[in-house]
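# Examining the three-dimensional arrangement
Chain by chain, the residues:
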Amino acid sequence: MTTHTKLNDEAGRLSALHRYDVLDTPEEQPFENVVNLVQQTLQVPMCAVSLVDEHRQWFKARRGLGVCETGRDISFCTHAIQQTDPFIVNNAEEDPLFMNNPLVTEDPHIRSYLGIPLQTPEGYNIGSLCGIDIKPRDFQPHEVEIMKSFARIVVDELELRQIASSDALTGAMTRRAWCEIAEGEIKRAHRYKRKLSLAILDIDHFKHVNDTYGHPVGDRVIQFLANLCIDEKRESDFFGRYGGEEFVFLITETGEEESKNLLERIRKNFQDSPIPIGGGETIHCSISAGIASLREKEFLPPLLERADQRLYQAKETGRNRVVVYSN
Amino acid sequence: MPERANELVQKTTASLNDLRTPVALRRSIEQHQDNLLSLAKALLVAGKSEQEILEILDSAFSSYKKELTKTIVTLGNEQ
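Keep in mind the model is a prediction, meaning the values are calculated, not measured. (Residues numbered from 1 in each chain as written. Chains lettered and ligands numbered in written order. Predicted model: local features only at pLDDT ≥ 70, side-chain atom pairs only at ≥ 80, totals over all residues.)

### A few points about the interface of chain B and chain A
Opposite the 24 residues of chain B that make contact, chain A presents 20 residues. A per-class count over the side of chain B that touches chain A returns 12 nonpolar, 10 polar and two charged. (Contact = placed C-beta atoms within 7 Å. Nonpolar A, V, L, I, M, F, W, Y, C, P; charged D, E, K, R; others polar.)

What follows is the structure, given as structure tokens:
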């Protein structure tokens, strides 16, 4: 599979990283294994699985490195994620980009570096797998190939966890996975004083669809809505199945008005789309939605509660509408 | 050499045959086997012995398999 690397979409890259929900988590065997193998096969004194967020590189696993994170400004891995190919420094003391870097002039006295981008299936470089030496070194092509394989194995592990977070019917996030991500995104929104909105949407008269056409048709209607939402959502938004025919949308960097526009677009598309139910027949359905935007110091449960109140209001006032909780 | 690499990967991942894997995981498993194959080829080029390669593959695969088993259970519980 050939994936186009997305090097100029920092917001999408950060969202891809946060989706894995792996930053600041404890040591884990799969990643410890990989750094052990890198150290053993490349005979390097230092190596790491480095994940690069807004301001820092954080080491999910490391060998020979005394700190668990460094600023991006001095990080070699920041350079590694800016390219598709392996990033190689043979002699940092002679490299104008690194000769004055404190990681070179001071402890740990890096001299050579081989970094392979950790590329997600969508093409985002979320970090790198790196091998570091304290002496100048020409990394051989077979060493680069070994590192590339290990880097892909790191992504295999991360991706495998993502599959457990996806709802089998719709491809949306499971409720558990969505709530975990939502809590993290809300903290982030508070920390960086960013806007964030949450929407709850529900298929109108869904019981009637199931009772009239049967559960397989009900499932198709659910899938149809989920596909529509997944197509509409940006890389930085999080869409989950909250239960049955109810879905949740976490819309990052976005206030009430823009969120309402997004949900109105989905509502109208869904209402206007004939949903195939087999045998050449189609049916039309609609949704109701409630939206609330994050308030100061607010966390997930009250935000969900406010959005749910507006969903209830949308249902009570005739369905097929989007109602916003105005702050 | 590709055949040898393939044999080593098959040997390492033979225990997968004992697992009943949901469709949702098949692509991930194929991907992982491809990546182990690339690793095995690169290690052969590096001049590693078959025993060394098997140990490395086994170590890389064992943690993936552990996670895979966990995921199969999670998916089973959610269905």
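### Description of unusual backbone geometry
All names here are of chain A. Here the residue pair Asp107 and Pro108 is connected by a cis peptide bond, since its omega of 10 degrees sits within 30 degrees of zero. Mapping Pro108 onto the fold places it in the loop between α4 (102–105) and β5 (112–119). Residues other than glycine seldom take positive phi values, yet Asp21 does so here, at roughly 55 degrees. Relative to the helices and strands, Asp21 resides in the loop between α1 (10–20) and α2 (29–42). You will see that Gln43, though not glycine, has its phi angle at about 55 degrees, which is positive. What makes Gln43 exposed here is the crowd of 11 C-beta atoms within 10 Å. (Helix = DSSP H or I, 4+ residues; strand = E, 2+ residues; numbered from the N terminus. Buried ≥ 20, exposed ≤ 12 C-beta atoms within 10 Å, placed from the backbone.)

### Some details on the nonpolar core
Residues A:Val34, A:Val38, A:Leu129, A:Cys130, A:Phe150, A:Val154 and B:Leu57 are the most contacted members of the largest nonpolar core, which totals 64 residues. No other element matches helix α5 (residues 141–164) of chain A, which puts nine residues into this core. Excluding residues that lie within four positions of it along the chain, A:Val38 makes contacts with A:Val44, A:Cys47, A:Leu129, A:Gly131, A:Met147 and A:Phe150. If you look at the next biggest cluster of nonpolar residues, it comprises 44 residues, including A:Ala182, A:Phe249, A:Cys285 and A:Val322. (Core = buried A, V, L, I, M, F, W, Y, C linked by C-beta atoms within 7 Å.)

### Let's talk about the confidence of the model for chain B
When pLDDT is averaged across chain B, the result is 89; 95% of the residues are at 70 or more. Predicted as a complex, the structure gets a pTM of 0.73 and an ipTM equal to 0.94. (pLDDT = per-residue confidence, 0-100.)

### Looking at the packing of helix α1 (residues 2–12) of chain B against helix α2 (residues 23–45) of chain B
Any two packed helices are characterised by the angle at which their axes cross and by the distance between the axes. Residues and elements named next belong to chain B. It is at 9 Å that the axes of α1 and α2 come closest, and there the two elements cross at 130 degrees. Classed by the angle they form, the pair α1 and α2 counts as oblique. Crossing geometry of α1 relative to α2 is assigned as right-handed. In this structure, α1 contributes Pro2, Arg4, Ala5, Asn6, Leu8, Val9 and Thr12 to the contact, and α2 contributes Gln33, Leu36, Leu37, Ala40, Lys41 and Leu44. Each residue belonging to the contact of α1 with α2 can be placed in one class, and the counts come to eight nonpolar, three polar and two charged. (Axes fitted to C-alpha atoms, helices over the stretch in contact; angles between N-to-C directions. Parallel < 35°, antiparallel > 145°, perpendicular 65-115°, else oblique. Left-handed = near helix turned anticlockwise from the far one by under 90°.)

### A short note on the sheet that holds strand β9 (residues 246–252) of chain A
Picture the strands of a sheet paired through backbone hydrogen bonds; they go either parallel or antiparallel. Residues and elements named next belong to chain A. Read from one edge of the open sheet, five strands run β8-β9-β7-β12-β13, paired in mixed fashion. If you trace the sheet from one side to the other, it starts and ends with β8 (238–243) and β13 (322–325), each paired once. On average, each strand axis in the sheet is tilted by 20 degrees relative to the strand beside it, whichever way the strands run. Relative to strand β12 (residues 287–293), strand β7 (residues 196–203) is paired through seven bridges, and the arrangement is antiparallel. Of the residues in β12, the one forming a bridge with Ala199 is Ile291. Against the sheet, helix α9 (residues 256–272) contacts β7, β9, β12 and β13, and its axis sits at roughly 170 degrees relative to β12. (Pairing = 2+ DSSP bridges.)

### Description of the packing of helix α8 (residues 215–232) of chain A against α9(A)
Residues and elements named next belong to chain A. Following both chains from N to C, one finds α8 and α9 inclined at 140 degrees, their axes separated by 10 Å at the closest point. Classed by the angle they form, the pair α8 and α9 counts as oblique. For the element pair α8 and α9, the recorded crossing hand is right-handed. Facing α8, whose interface residues are Leu225, Leu228, Cys229 and Glu232, α9 presents Leu262, Arg265, Ile266, Asn269 and Phe270. Here the contact of α8 with α9 is built from residues that sort into six nonpolar, one polar and two charged.

### Quick notes on the environment of A:Leu14
Residue and element names in this part refer to chain A. Relative to the helices and strands, Leu14 is located in helix α1. As a C-alpha pair, Leu14 and Asp53 span 39 residues in sequence and 6.3 Å in three-dimensional space. Beyond its immediate chain neighbours, meaning those up to four positions away, Leu14 contacts Asp53 and Glu54.

### Regarding the sheet that holds strand β6 (residues 125–133) of chain A
Residue and element names in this part refer to chain A. Strand order in the open sheet made by the six strands is β3-β2-β1-β6-β5-β4, with antiparallel pairing throughout. Sheet topology places β3 (69–71) and β4 (87–89) at the edges, where each strand pairs with a single neighbour. In this sheet, neighbouring strand axes are inclined to one another by 25 degrees on average, regardless of whether the strands run parallel or antiparallel. Two strands pair when backbone bridges link them, and strand β2 (residues 56–63) and β3 are joined in this way by three bridges, in the antiparallel orientation. In the sheet register, Gln57 faces β3, and the bridge partner there is Thr70. Relative to β2, α2 is tilted by about 70 degrees, and along the sheet it contacts β1 (46–52), β2 and β6.

### So, α9(A)
Taking 1.5 Å of rise per residue, the 17 residues of α9(A) would be expected to cover 24 Å, and the 24 Å separating its terminal C-alpha atoms lies within 8% of that figure. At its buried positions, α9(A) is contacted by β7, α8, β9, β12 and β13 of chain A. (Expected span 1.5 Å × (residues − 1).)

### Considering the pairing of strand β10 (residues 275–278) of chain A
Residues and elements named next belong to chain A. Where β10 and strand β11 (residues 281–283) come together, three bridges link them in antiparallel fashion. Note that in β11 the partner of Pro276 across the bridge is Thr282. Two successive antiparallel strands, β10 and β11, enclose a turn made up of two residues, where Gly279 displays a positive phi of approximately 65 degrees.

### Observations concerning the environment of A:Gln119
Residues and elements named next belong to chain A. Its place among the elements puts Gln119 in strand β5. The class of Gln119 is buried, set by 21 C-beta atoms lying within 10 Å. Once the C-alpha coordinates of Gln119 and Glu10 are considered, the two residues, 109 residues apart in sequence, prove to be 14 Å apart. Excluding residues within four positions of it along the chain, Gln119 makes contact with Thr5, Tyr124, Asn125 and Val155.

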